[in-house]
Amino acid sequence: MLTTLAPDGLRTLIDAIGAPVFVVAVEDEGAFRFVAVNGRLETLVGVTDAALRGHRIEDALPADVAERLGRRLADCVAAGHAYEYDGYIENDGVRWLKVSLTPLLDDAGRVVRIMGVPLDVTDTRMAEDRLLRAAEAGGVAVWEWTLGPDADGGLLKQVNLAPLLGLSEDAGTDAAAWLGAMTDEARARLTPMIEAAIAAGGGIVTMDYAQPTPAGPRHLLGRGRVCVDGGSVRIVGSTVDVTERQALTRALTAERTIFRELAQLSSDWFWMTDENDRFVPFPAVGEGDGVTVLQAEGLSRRDLLDPRLPAEDMAEIEAAVAARRPFRDLVYPQRRADGTTSTVSISGNPRFDEAGRYLGYIGVCTDITARRNWMKLQYGRQKMEALGQMAGGLAHELNNLLHPMIAFATRARRMVGDESPAAPLLEDIATSGRAARDIVRGVLTFSRHDRAEQRPIVLADAICRAVDFAVGVLPREARVVRSIEPLPDTAAVRAADVAQVVMNLVSNALDATGGGGTLTVGLRRVQVPGDAAAEARGLARGAYAVLRIADDGCGMDAAVLGSIFDPFFTTKPVGEGTGLGLSVVYGIARGWGGDVAVTSAPGEGAAFEVFVPLVAEAASSQQRQTRDIAV
Amino acid sequence: MEDQPLVRKAVRGALEDAGFGVVEAGDGEEGLSAARRDSFDLAIVDIWMPRVDGIEFLKQVRAIHADLPVIVISGGGPDAPLEVKAHLAQAHGAHEVLFKPFEDDELMAAVDRALG
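Thresholds applied
Residues numbered from 1 in each chain as written. Chains lettered and ligands numbered in written order. Predicted model: local features only at pLDDT ≥ 70, side-chain atom pairs only at ≥ 80, totals over all residues. Heavy atoms only, no water. UniProt positions renumbered as here; feature names shortened; annotations may be inferred. Helix = DSSP H or I, 4+ residues; strand = E, 2+ residues; numbered from the N terminus. Contact = heavy atoms within 4.5 Å. Patch = residues over 30% accessible without salt bridge, like charges linked within 9 Å, V, L, I, M, F, W, Y side chains within 5 Å. Areas by Shrake-Rupley, 256 points an atom, 1.4 Å probe, with all protein chains shown as cover. Salt bridge = Lys/Arg side-chain N within 4 Å of Asp/Glu carboxyl O. Buried < 20%, exposed > 50% of the residue type's maximum accessible area, 1.4 Å probe, protein only. Core = buried A, V, L, I, M, F, W, Y, C linked by side-chain atoms within 4.5 Å. Pairing = 2+ DSSP bridges. Axes fitted to C-alpha atoms, helices over the stretch in contact; angles between N-to-C directions.

### Some points on the UniProt feature "modified residue: 4-aspartylphosphate" (unreviewed entry) in chain B
All names here are of chain B. With numbering matched to this structure, UniProt assigns "modified residue: 4-aspartylphosphate" (unreviewed entry) to Asp46. Relative to the assigned elements, aspartate 46 resides in strand β1 (residues 43–46). Excluding anything up to four places from it in sequence, aspartate 46 contacts Met1, Glu2, Asp3, Gly54, Ile73, Ser74, Gly75 and Lys100.

### Section: a nonpolar patch on the surface
Residue and element names in this part refer to chain A. Together, Met390, Leu394, Leu398 and Leu401 line one region of the surface with nonpolar side chains, adding up to about 390 Å² of accessible area. On the secondary structure map, leucine 401 appears in helix α13 (residues 369–416). Judged by relative accessible area, which is 52%, leucine 401 ranks as exposed.

### Quick word on the nonpolar core
All names here are of chain A. Of all hydrophobic cores here, the largest spans 45 residues; its most connected members are Leu459, Val498, Leu547, Phe565, Phe608 and Val610. Taken together, the elements giving at least two residues each to this core come down to α15 (459–473), α16 (495–513), β18 (518–528), β19 (542–551), α19 (581–591), β20 (595–600) and β21 (606–613). Considering every element that reaches this core, the biggest residue donor is α16, with 8 residues. Other than its neighbours up to four places away in sequence, valine 498 contacts Leu459, Ala462, Ile463, Ala466, Val493 and Trp592. The next biggest cluster of nonpolar side chains, apart from the first, holds 26 residues, and it includes Val47, Ile57, Ala60 and Ala66.

### Observations concerning the pattern of salt bridges
Applying the stated criterion to the full structure yields 44 salt bridges over all chains. Aspartate 15 of chain A is the salt-bridge partner of arginine 11 of chain A, the closest N and O atoms lying 3.2 Å from each other. Note that arginine 11 of chain A and aspartate 15 of chain A are positioned in helix α1 (residues 7–15) at a spacing of 4 residues, about one turn of the helix. Two residues, aspartate 17 of chain B and arginine 411 of chain A, come together in a salt bridge whose shortest N-O distance is 2.4 Å.

### Some words on the sheet that holds strand β4 (residues 94–105) of chain A
Residue and element names in this part refer to chain A. With respect to topology, 5 strands assemble into an open sheet ordered β2-β1-β5-β4-β3, the strand pairing being antiparallel. Either end of the sheet is taken by a strand with one partner, and the two such strands are β2 (32–37) and β3 (83–90). For this sheet, the mean angle separating the axes of adjacent strands, direction not counted, is 30°. Where β3 and β4 come together, 8 bridges link them in antiparallel fashion. By the bridge assignment, tyrosine 85 is partnered in β4 with valine 99.

Below you can see the structure in the form of structure tokens.
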């Protein structure tokens, strides 16, 4: 009807429409003549209705406007369907227009008239523009494409997209160009996402991808909304260059990996405290990374201190923390979660934020318990060896002096006869000399380190006989519990030395229990590994018999334990015992190529363990052969 | 042979009381010289002596006097454990080892064993 309606009727019709509307007739020469306009068009175009109606466009409108309109009308005729475009007109400033043209067809299907509705979208457009400029300033690309099977993939608008994609400004940036600029991999990822969104009737599509550009590869993050509007599909969105951010993330990840690996390799623990000097979880790494972290959340360092042991550098640690100073290699006894104690060496640095506020400490912690124990052992061995050396030298000198003393006193006693008043004096001199001789002999036994060849004897038998003898001969009564395994193994030891060792240990144990206590004597076989702990004790790898003599007496503290094997060390009152008993045990055990160790605590009795190297079956016959040849 | 004069005197005394003739030497070298000059029935030798010690004497005296019985006396030493030296002594043909300080009757029993 619009096609055939007379101009007046048309006018009435379009007057009712709220937007500016015009209708042009398509003339044979490709010219266009205004047939009807409504009132609102005059405001927009600045030309009166009368000036427009009935005139060709080139006569009614300014030349450039007419030219632009004419081209669009011609496109509409050529397209044969509704057509929308962005236009503008200058009328007291630039007005931005969104013009939709609808062709009106006759029965034959020819376009005879076109109805045009120009909408003033200046405000919207200006707002849009401001948004786009802002995005451009922020390095963001903003874009809008038509998509879908009926669309031409035309770019509706874009800002900043070409440089982001590495395309020149005048390159076409329709959807095809945009997709074409992507790598195959990115395109293959994006296409199904967009199709899914279209199928779903709309939705957000996000993708980060690598984009090759002439300036080198960049990493882009794009986010768009697919809008399905009846038959038309658009995608609107923005793209940001995240290359720097990516590089930063990668560098951060790499650094963190390095840190985690170093932390795993390190046998130290990491710790961190807050501004109240209480432990907090350590960030960045944890148990799952194979890194040891101190489990002490909420506790202060003083809570970890084991009060049973000397505090060592604890005061210095607390002073440093109070002064917010860094500290290095300070030692204190730390209570472990299982109740045992380890000696640790800690280092720490204070942390501050940008404002200079104290945040707490960060640091490392090394368990030096094993190292300390090893050093103690080494020190002990060296001390014993030094004592042995000195004792040996001293003994030699004394022996040379004691010989004439005893010999001449004995001769002189023979010479003076029984009636002489000198007789008892001379006897006393000789007796005293012999007592000195025994002491020196005891000291020499302590310092003995020989491995004199000795036919192997069955150790268990020798020990049983020695225990029976010791318990029977010594004065005090006590309960003796035996758990001596009947080991068939032999050891290259003298039965007399076994007896001496057993006698001295049993005597020591009976002294500790003071009568009425329980003595345990045990013998078992152990395999000593060739590890650092065994080496520190001077024990070669192999099979050993362990003679254990334990008592439930008063026990010994750490200070006594440190000196227990020293010659002449005794806790007994003066005149009772020489303090040589245990040093002799030590000397004999080491002479065998074994060792003696003691464990004790005040009130908890004591247990002595003597390690005796056993003769391996194959070696015993070999030993006999060697003896024959060495002579 | 003994570098400590008092020990020499004590041993000498015990031997003379038993009727032996005694020649003293202060170290192994003097002892070897004496062995070259005269013949002896027995040598009593300390291990640790300056210049030529007991072990050296043992090695060298065999060239002069093939089966001279030797009793070694020892006081222990600062540089080697007691029994290693004693063992060595026996390995080189010493009849017996006595450890100072020993009683006179111990010495005489050893002398009897060495001579008999």
